[in-house]
Amino acid sequence: MGETAKIDISGKTIELPVLKGTVGPDVVDIRKLYAESDAFTYDPGFTSTASCESKITFIDGDKGILLHRGYPIGQLAEQSSFLEVCYLLLHGELPTAAQFTEFEHNITYHTMLHDQFDRFFQGFRRDAHPMAIMTGAVGALSAFYHDSTNVEDPEQRMISAHRMIAKMPTIAARAFKYFRGQPFVHPRNELSYAENFLKMSFSVPAEDWKANPVLTSAMDRIFILHADHEQNASTSTVRSAGSSGANPFACIAAGIACLWGPAHGGANEEALNMLIEIGTVDRIPEYVQGVKDRRYRLMGFGHRVYKNYDPRATVMQKTCHEVLDEVGDSDDPLLKVAMELEKIALNDPYFIERKLYPNVDFYSGITLRALGFPAEMFTVLFAVARTVGWIAQWKEMIEDPAQKISRPRQLYTGATQRDYVAVNKRG
Ligand code: CMC
């Protein structure tokens with residue numbers, strides 16, 4: 001046996017193997033602990049627990065590093081495209097030119113939705129939150145595409161992956177159009193992934209729509225920045241749902257539901273609301289005091305893993321400036337509030353001691369608003385981008401021979417066994 005960790009428990013010494021990754025912390029393999037000691041480990045929120053083995057994404061939170069299949073996020077965001085990153089996440093390597101052409105064709109020709117699927121949207125109230133529509137509509141995909149729900153079949157797994165990456169922008173744009181009360185716009189095969197999504201979101205029958213290359217490239221970069229983030233809450237949810245053998249469409253719907261929470265994907269909407277609430281630079285000190293008094297949190301700040309600047313936030317800040325310049329909004333008062341708030345927080349001992357830095361959501365809200373999306377759509381856009389990460393992680397889990405159904409244990413602190421008492425005899 002290589003390196004081991006010893007644990008003394010109930011008068012016994014148990015030796016546990018230590019597993020080594022290619023990079024990152026070692027992992028103590030506790031799989032035999034319960035059999036040998038009658039003890040579980042306790043780790044709410046998985047702060048020290050690796051739930052799986054993965055080759056997709058690596059984060060060094062202390063150094064602010066994020067790698068997809070080994071490639072730094074900054075390089076991918078600047079030099080690659082979202083669809084190429086999708087291929088990389090799914091297949092493990094960057095595609096050759098021929099592989100990319102085939103992949104792009106596969107995605108492009110899966111963007112349409114089954115005609116009957118459109119009736120689904122009409123069932124929702126007009127004022128339904130687009131994330132509520134997304135959760136319901138994506139879950140319904142398994143009712144339409146039965147021929148790609150057999151998780152045992154590698155070909156069906158790949159078809160379902162292509163379908164979801166391709167159809168998610170179409171569903172998201174429909175959720176937006178329905179929310180706005182505008183007619184649905186169908187996908188066009190000659191457009192790029194980001195261009196198509198912007199057209200389906202913003203074009204109306206009353207006038208021609210023309211793509212803006214700066215905004216299209218910003219949209220594509222935003223998708224890249226959100227494509228995957230190793231074992232975050234929604235990805236763990238997808239893996240957990242998939243561990244029972246549930247079909248991929250149902251698993252992704254579970255991920256979308258988890259993403260909606262304000263501590264996860266809902267944070268960009270909350271971060272923008274916070275900037276609007278602060279409103280002007282002179283109100284920042286009062287707001288920061290409220291954070292220190294623990295009345296609320298600084299949204300778009302802090303991260304479970306990053307205890308240094310989130311590398312995605314660096315790219316997002318740059319993208320934010322590019323978009324605001326392009327739409328002629330570089331004097332946006334919210335941008336001033338954001339920049340000043342960031343400066344104050346980065347120099348304040350309260351935030352320094354707790355290693356609280358801006359995360360990707362701090363600047364994404366302002367950027368998405370400048371692109372024309374209302375706050376309700378922000379998490380939807382996150383879901384569109386994260387779909388590839390979820391599906392790549394789901395696929396990796398299904399193909400992992402060590403995969404088991406997710407079934408955590410617990411530390412039980414409730415009542416011990418007792419006898420039932422009839423209601424007329426209860427004191
Ligand atoms: N504002 C003020 N204080 C904070 C914040 C914040 N945003 N985040 C953490 N803290 C404090 C917290 O009060 C605690 O202080 P103390 O030790 O004195 O009690 C300390 O920092 C550690 O907090 P924690 O809750 O134990 O940290 P966590 O790792 O469980 O939480 C987090 C991570 C992302 C949920 C949290 O930082 C947060 O709520 N941030 C705001 C929401 C947000 O921006 N989320 C988006 C994350 S990035 C996108 C994504 O991947 O989904």
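Residues numbered from 1 in each chain as written. Predicted model: local features only at pLDDT ≥ 70, side-chain atom pairs only at ≥ 80, totals over all residues. Heavy atoms only, no water.

Asker: I tried to follow the overall build of the protein chain on my own but got confused; where do I start?
Answerer: Scanning the protein chain for helices and strands turns up 18 helices and six strands. The C-alpha radius of gyration of the protein chain comes to 23 Å, within 12% of the 22 Å expected for a compact globule of 427 residues. Along the first, second and third principal axes, the C-alpha atoms of the protein chain reach 75 × 65 × 55 Å. Considering the protein chain as a whole, with its 427 residues, one finds that 47% of them fall into the buried category. Sequence-distant contacts in the protein chain: of pairs separated by 6 or more residues, those separated by 24 or more amount to 71%. Of the charged side chains in the protein chain, 44 are positive and 53 negative; the average position of the first set lies 6 Å away from that of the second. (Helix = DSSP H or I, 4+ residues; strand = E, 2+ residues; numbered from the N terminus. Rg over C-alpha atoms; globule rule 2.2 N^0.38 Å. Buried < 20%, exposed > 50% of the residue type's maximum accessible area, 1.4 Å probe, protein only. Contact = heavy atoms within 4.5 Å. Lys, Arg positive; Asp, Glu negative; His and termini not counted. Charge placed at Lys NZ, Arg CZ, Asp CG, Glu CD.)

Asker: Looking at this model, I keep getting lost on the site of the ligand. Mind explaining?
Answerer: Close contacts around the ligand come from 18 residues, with His-264, Arg-294, Arg-297, Leu-298 and Arg-354 the closest. Between an oxygen atom of the ligand and a side-chain N or O atom of His-264, the distance comes to 2.5 Å. Within the side chain of Arg-294, an N or O atom sits 2.4 Å from an oxygen atom of the ligand. In isolation the ligand has 940 Å² of accessible area, and contact with the protein removes 75% of it. Residues belonging to the shell around the ligand are distributed by class as follows: seven nonpolar, six polar and five charged. (Near = heavy atom within 4 Å. Polar contact = N/O pair within 3.5 Å; in protein donor to acceptor, adjacent residues only side chain to side chain. Areas by Shrake-Rupley, 256 points an atom, 1.4 Å probe, with all protein chains shown as cover. Nonpolar A, V, L, I, M, F, W, Y, C, P; charged D, E, K, R; others polar.)

Asker: What am I meant to see in the sheet that holds strand E4 (residues 57-60) here?
Answerer: Strand-to-strand pairing in sheets goes through backbone hydrogen bonds, with the strands running parallel or antiparallel. A sheet is described by the order of its strands in space; here three strands give the open sequence E4-E5-E6, paired in antiparallel fashion. The open sheet has two edge strands with one neighbour each: E4 and strand E6 (71-72). Here E4 pairs with strand E5 (residues 65-68) via four bridges, running antiparallel. By the bridge assignment, Thr-57 is partnered in E5 with His-68. (Pairing = 2+ DSSP bridges.)

Asker: What is the right way to read the side chain of His-226 from this model?
Answerer: Tracing the sequence through the fold places His-226 in the loop between helix H9 (213-225) and helix H10 (233-242). Note on His-226: relative accessible area 3%, which makes it buried. In contact with His-226, other than residues within four places in its own chain, are Met-316, Val-360, Asp-361, Phe-382, Ala-385 and Arg-386.

Asker: Would you take a moment to explain the pattern of salt bridges for this structure?
Answerer: A side chain of one charge can pair with a side chain of the opposite charge when the charged atoms of the two come close. All told, the structure shown has 21 salt bridges when counted by the stated rule. Across the pair Arg-312 and Asp-310 runs a salt bridge, and its minimum N-O distance is 2.8 Å. Asp-310 matches Arg-312 in its accessibility class, with the two residues each being buried. One salt bridge connects Asp-332 with Arg-369, and the closest N-O pair in it is separated by 2.7 Å. With Asp-332 in the loop between helix H14 (311-326) and helix H15 (333-346) and Arg-369 in helix H17 (residues 361-371), the pair connects residues that are 37 residues apart, well separated along the chain. Taken together, the shared-partner salt bridges connect Glu-78, Arg-221, Lys-318 and Glu-322 into one network. (Salt bridge = Lys/Arg side-chain N within 4 Å of Asp/Glu carboxyl O.)

Asker: Which parts of the structure should I look at to understand the environment of Leu-113?
Answerer: For Leu-113, the position within the fold is in the loop between helix H4 (97-108) and helix H5 (118-122). The exposure class of Leu-113 is buried, given its relative accessible area of 12%. Leu-113 sits 57 residues away from Thr-170 along the chain, and the two C-alpha atoms are 7.5 Å apart. Dropping the residues within four chain positions of it, Leu-113 is found in contact with Asp-118, Tyr-145, Lys-167, Thr-170, Ile-171 and Arg-174.

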